[in-house]
Amino acid sequence: MAYQAVESATTLSIEEIVEQAPVMHASDLTVSAGPEALAPPSELSELLSAGLPPGAIVSVSGQAGSGAATLCYRMLAAGTDAGGYVALLDLAGRATPLAVLEAGVDPARFVLVRTRASGGREAGPSRRSRLASALGALLDGFAVVGILDPHLIGAGLWGRVATRARERRVLVIAAGEETPRDVATLHLLLDAPRWQLDAGGLLAARTAMVKVEGVGGERSGRVSLSPGAAFDGAGRDASKTSMGPA
Amino acid sequence: MSERVCSLVILGWEIAVARGADPDLEGMPLIVSSGGRVWAASPDVATSGVRPGMALREAQTLSPFAAVVERDEKVSLSEFEPIAEAVEEITPVIEITAPGEITFRAKGAARAYGSEHELLERLFSIAPVVGPLSLPGCGGVRVGAAVAPGRFTAAMAARMAAAGREAGCVDQSLSKEPVDPTRGPPAASIVVDDGDESAFLAPFPVGVLGAEVGAPDLPETLMLLGVETLGDLAALPARSVASRFGDAGRLAHALSLGCDDRPLLLRSPHSPLEVTCALDPPALTLDQLTFAAKSLADQLGAEMEAMVVSAASIRVEAEDERGNLLTASWRNESGIGSAAERARWHLEAWRPEGAITSMRLIPEGIEAERGRQLRLTGVGGAIDPALEARAERAVSRLQAVLGPEGALEVGAAGGRLPSERAVTGAVERLPLDDQSRGRRRARRMPPWPGTLPSPAPARTEGVSAAVGMSGSTPFDPPEELKGRPISAAAGPFRYRLRWWSPSEMLEADLWQVMLEDGTAFLLSHRHDGDWLLEAVYD
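Residues numbered from 1 in each chain as written. Chains lettered and ligands numbered in written order. Predicted model: local features only at pLDDT ≥ 70, side-chain atom pairs only at ≥ 80, totals over all residues. Heavy atoms only, no water.

(A) A look at the overall build of chain A. The helix and strand tally for chain A stands at eight helices and eight strands. Burial statistics for chain A: of 246 residues in total, 57% are counted as buried. Considering only contacts in chain A between residues 6 or more positions apart, those separated by 24 or more positions represent 68%. Of the roughly 9900 Å² that chain A leaves accessible, carbon and sulfur atoms contribute 53%. (Helix = DSSP H or I, 4+ residues; strand = E, 2+ residues; numbered from the N terminus. Buried < 20%, exposed > 50% of the residue type's maximum accessible area, 1.4 Å probe, protein only. Contact = heavy atoms within 4.5 Å. Areas by Shrake-Rupley, 256 points an atom, 1.4 Å probe, with all protein chains shown as cover.)

Here it is as structure tokens:
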């Protein structure tokens, strides 16, 4: 109930919003049944007007550099914005924590999970069972779980993840070059990234074509994928002047 | 209002133990040290100005002929054990605050023996029995006991009684024994009435706080500022003391008013609250073990409930056929009910090689159950405790399976490279905002010169790459990456990091490059000529 109400409230005055806005409980994200969905990040609000359905697996695929990881971080940020605890399972250990913060994820509700044991390589079965335990814990405890490099999870395990996510009403976002298409209910395909450069020739803003495939058909559009504005730390305006590119 | 607490202090205990261990030290001036500081000093050394907590070097300047012995806590504790057992005959639940110091709740015991004075008399009745037996060098030992509101007040009163000083404003029921080896060491007692604690504590010098607040230098600083007694300290506004001295100051101020910093850590030796089950036949599967853990946790929960106690932490121990002992412990925050689940995670993570033959659950840090204070924290006003508890359990479980570094918290930090501007650390406690609040505040930090501007690359690569160059100088932009032409390049951004450490030094030129298909990468050109594909703007 909460999320659509907030979206449609954009034409109301502030007082009306304050008056009418229902109290948002983070638990709505995970335990409630029915049509409630997580409000998607702003850049996807047109393509995904129905929101992100809890209990579903969303695949975000695209070649390296297309923006799949950034979009995954943005969806985690949507989860923390709604008051949920979110986690990112970084299977290859390649996520950049700074980019997660730049995407607007609230660090107070975010846990980065890495499965690599610090000492030595593990044998196959041991790694698989640890991964299964870790996935079980993630799906029990968090409202939104992002998974980077989802091809590192076997097909058998994906079936269990899908069942568990549906039971627990957890939104799972699988982002990478290869994604589990057969278990996902919503596919986001990213393509044709385009960067805008600033006066100094540095990367400034990016757009990419996003094609959404789901049970309701297909939609596509070019969306902005430059979330740096959400991060008000040493932002680009401040640092640009002191940087002095060659 | 603090509860009535009884404290029994044996002054000179450590010295007596040290002399007992080495009879050559008998009659010599003696300092017992621990960690480079004075732990205890014999009376002749103390007269030269040596105080517990003082740096050893300083103490040796004041008393150059004193022998110095390193404290052996194990010996000290084991020597003290008979005394603790004798006290347990009088009252069953006690805290051994330190070797030579016992604290317990006075209310029940005083009622049992008639009055607080009679309780103190009763305590001294053990002294002649235990003292000479367990202490070879007990001649210099003095015993003091006191009943007072609060632990700290009682401990101070007992010390004062043992030292045989006059107390100003309190009812002092002296039962000074003459020095007679057959009757045990001299003993005295003090009773501080409710409401008198701050007046009683006021004349004490601030030096007594050093060991209590864990800041040995605090008393000296206070004295330099003209705050010489606990009364002076108590008269200061609590907020000012806290802002000047932080946590240690806040604690010192609370103690000076007679407020206690912690509940008593009581032990109850007659009913060891541990539950064991032997598995016969040995359990091979996780399900069997989980079942055993569940019944152990239920049993422990029932026992603890019957005794109305709670535990600070719980330890699980499992022994396999080969005699290997696997053990893990955790803070008991979510109650005993979750112990079975926690034990299961650890069993799952251990993946024991052989069959498990026995399992134990041991509660640690037992104290009276007073209910738990829920944290009243929230982010953006909205917080759901159930949700938080779920996340917290998930993090504990992840860390049991993957190790502490498996679940990381992220915070912003200062630095130039993307990898420096965000830091990760193992999650220690949820909600994360307790620990990351400082770091999140750091997000609003001033611009860091030379930062590679946002956006940050979303994924690291860290692989070497074949890069084609257009020219031979480091300022010529690269032309192709892995055979694909580069359409735009910005750089070089020259970084020379950690130049003071040859092993960690990084000297590189960073380049932001964009390929014709619109993908962008971060490259680094090492000073040895190698190119590295650092990260991808994914």
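Let's pick the thread back up.
(B) Quick look at the overall build of chain B. Looking only at helices and strands, one finds 17 helices and 21 strands in chain B. Evaluated residue by residue, chain B yields a buried proportion of 47% over its 538 residues. A separation of at least 24 residues holds for 61% of the contacts in chain B among residues at least 6 apart in sequence. Carbon and sulfur atoms form 54% of the exposed surface of chain B, whose accessible area is close to 25300 Å².

(C) The sheet that holds strand E2 (residues 30-34) of chain B, seen in detail. Residues and elements named next belong to chain B. With respect to topology, three strands assemble into an open sheet ordered E3-E2-E4, the strand pairing being mixed. With partners counted over all chains shown, the strands left at the sheet margins are strand E3 (37-41) and strand E4 (67-70), one partner each. On average, each strand axis in the sheet is tilted by 35° relative to the strand beside it, whichever way the strands run. Pairing geometry for E2 and E3, over four bridges, is antiparallel. Opposite Ser34, over in E3, you have Arg37 as the bridge partner. Most of the contacts of helix H1 (residues 13-21) go to E2, to which it runs at about 105°, and overall it touches E2, E3 and E4. (Pairing = 2+ DSSP bridges. Axes fitted to C-alpha atoms, helices over the stretch in contact; angles between N-to-C directions.)

(D) Examining the pairing of strand E17 (residues 478-481) of chain B more closely. All names here are of chain B. Here strand E16 (residues 467-469) pairs with E17 via three bridges, running antiparallel. The residue bridging Met469 from the neighbouring strand is Pro478, located in E17. The hairpin turn running from E17 into strand E18 (residues 484-497), its antiparallel successor, is two residues long, and Lys482 in that turn takes a positive phi close to 50°.

(E) Geometry of the pattern of salt bridges. Applying the stated criterion to the full structure yields 26 salt bridges over all chains. The shortest N-O distance in the salt bridge between Glu213 of chain A and Arg181 of chain A comes to 2.9 Å. Here Glu213 of chain A is found in strand E7 (residues 203-214), whereas its partner Arg181 of chain A is found in the loop between strand E5 (171-176) and strand E6 (186-197), with 32 residues between them in sequence. Put simply, Asp517 of chain B and Arg484 of chain B hold a salt bridge, and the shortest N to O gap is 2.8 Å. Linking Asp517 of chain B in the loop between strand E19 (506-515) and strand E20 (520-526) with Arg484 of chain B in strand E18, this pair joins segments that are 33 residues apart in sequence. The partly exposed category is assigned to Asp517 of chain B, whose relative accessible area is 31%. (Salt bridge = Lys/Arg side-chain N within 4 Å of Asp/Glu carboxyl O.)

(F) Here's a closer look at the packing of helix H13 (residues 286-307) of chain B against helix H14 (residues 339-350) of chain B. All names here are of chain B. Here H13 crosses H14 at 150°, and the two axes come no closer than 8 Å. Regarding the angle of H13 to H14, the classification is roughly antiparallel. Helix-helix and strand crossings are classified by hand; for H13 and H14 the assignment is right-handed. Contact residues: H13 offers Leu286, Asp287, Leu289, Thr290, Ala293, Lys294 and Ala297, while H14 offers Ala339, Ala340, Ala343, Arg344, Leu347 and Glu348. Here the residues of the contact of H13 with H14 are counted per class, giving eight nonpolar, one polar and four charged. (Parallel < 35°, antiparallel > 145°, perpendicular 65-115°, else oblique. Left-handed = near helix turned anticlockwise from the far one by under 90°. Nonpolar A, V, L, I, M, F, W, Y, C, P; charged D, E, K, R; others polar.)

(G) Spatial organisation of H1 of chain B. All names here are of chain B. Burial within H1 is extensive, with seven of its nine residues counted as buried. Every buried residue of H1 is accounted for by Trp13, Glu14, Ile15, Ala16, Val17, Ala18 and Arg19. Buried residues along H1 sit in contact with strand E1 (4-11), E2, E3, E4 and helix H4 (73-90).

(H) Quick look at the environment of Gly108 of chain B. Residues and elements named next belong to chain B. With respect to the element layout, Gly108 can be found in helix H5 (residues 106-113). On the accessibility criterion, Gly108 (44% relative accessible area) is partly exposed. Sequence separation between Gly108 and Arg4 is 104 residues, and the spatial gap between their C-alpha atoms is 9.6 Å.

(I) Molecular detail of the sheet that holds E19 of chain B. All names here are of chain B. Read from one edge to the other, the open sheet built from seven strands follows the order E15-E21-E20-E19-E18-E17-E16, with strand pairing classed as antiparallel. Looking at the sheet topology across the chains shown, the edges are occupied by strand E15 (459-464) and E16. Between one strand axis and the next, the sheet turns through 30° on average, direction left out of account. Across seven bridges, E19 lies against E20 in antiparallel orientation. Residue Trp511 lies in a different strand from E20, and its bridge partner there is Leu523.

(J) Structural detail: the nonpolar core. Counting residues in hydrophobic clusters, the biggest one holds 47 residues, and the most contacted among them are Val60, Tyr73, Leu88 and Leu188 of chain A. A total of eight residues in this core trace back to one element, the largest contributor, which is helix H4 (residues 68-81) of chain A. For Tyr73 of chain A, the contacting residues outside a window of four places in its chain are Leu88, Ala95, Thr96, Ala99, Val100, Ala103, Val105 and Leu148 of chain A together with Ala458 and Arg459 of chain B. Among the nonpolar cores identified, the runner-up in size contains 35 residues, and Ala134 and Val161 of chain A together with Leu387 and Val427 of chain B belong to it. (Core = buried A, V, L, I, M, F, W, Y, C linked by side-chain atoms within 4.5 Å.)

(K) Broad picture of the confidence of the model for chain A. Per-residue confidence for chain A gives a mean pLDDT of 76, with 74% of residues at or over 70. Low pLDDT, under 50, characterises residues 229-246 of chain A; the stretch is placed with 42 contacts to residues that sit more than four places away or in other chains. (pLDDT = per-residue confidence, 0-100.)

(L) Just unusual backbone geometry, in detail. Of note, the amide linkage connecting Asp280 of chain B to Pro281 of chain B takes the cis form, showing an omega dihedral of 5°. Along the chain, the position of Pro281 of chain B falls in strand E9 (residues 275-283). Notably, Arg169 of chain A is not glycine yet its phi reads approximately 60°, a positive angle. What makes Arg169 of chain A buried here is its relative accessible area of 19%. A positive phi is found at Lys482 of chain B, a non-glycine position, where the angle reads about 50°. Mapped onto the elements of the fold, Lys482 of chain B is located in the loop between E17 and E18.

(M) Looking closely at the side chain of Asp140 of chain A. Looking at the secondary structure, you find Asp140 of chain A in helix H6 (residues 124-141). Judged by its relative accessible area of 15%, Asp140 of chain A is buried. Among the polar contacts listed, one links the side chain of Asp140 of chain A to the side chain of Arg164 of chain A, at a separation of 3.2 Å. At a separation of 2.9 Å, a polar atom in the side chain of Asp140 of chain A contacts the side chain of Arg397 of chain B. (Polar contact = N/O pair within 3.5 Å; in protein donor to acceptor, adjacent residues only side chain to side chain.)

(N) Inspection of the confidence of the model for chain B at higher detail. Residue and element names in this part refer to chain B. Here chain B shows a mean pLDDT of 77. Residues at 70 or above account for 82%. Note that pLDDT drops below 50 for residues 166-183; the model gives that stretch 38 contacts with residues more than four away or on any other chain. Segment residues 433-443 is flagged for pLDDT under 50; beyond a separation of four residues in sequence, or across chains, it makes 29 contacts in the model. Overall fold confidence (pTM) sits at 0.54, and the ipTM for the predicted complex is 0.77.

(O) Inspection of H13 of chain B at higher detail. For H13 of chain B, with 22 residues, the first-to-last C-alpha span of 31 Å sits near the 32 Å given by 1.5 Å per residue. Listed in full, the buried residues belonging to H13 of chain B are Leu289, Thr290, Ala292, Ala293, Leu296, Ala297, Leu300, Gly301 and Met304 of chain B. (Expected span 1.5 Å × (residues − 1).)

(P) Representation of the packing of aromatic side chains in the model. Tallied over the full model, the rule gives two aromatic pairs over all chains. The lysine or arginine in question, Arg244 of chain B, covers the ring of Phe245 of chain B, its NZ or CZ lying 4.5 Å from the ring centre. (Phe/Tyr/Trp six-rings, centres within 6.5 Å; stacked < 30°, edge-to-face > 60°. Lys NZ or Arg CZ within 6 Å of the ring centre and 35° of its normal.)

(Q) Spatial organisation of the packing of H1 of chain B against H4 of chain B. Residues and elements named next belong to chain B. As a packed pair, H1 and H4 sit with axes 10 Å apart at the nearest point and diverge in direction by 110°. One way to sum up the angle between H1 and H4 is to call them roughly perpendicular. Two secondary-structure elements touch here, H1 through Trp13, Glu14 and Val17 and H4 through Val75, Ser76, Glu79, Phe80 and Ile83. Its residues assigned to classes, the contact of H1 with H4 comprises five nonpolar, one polar and two charged.

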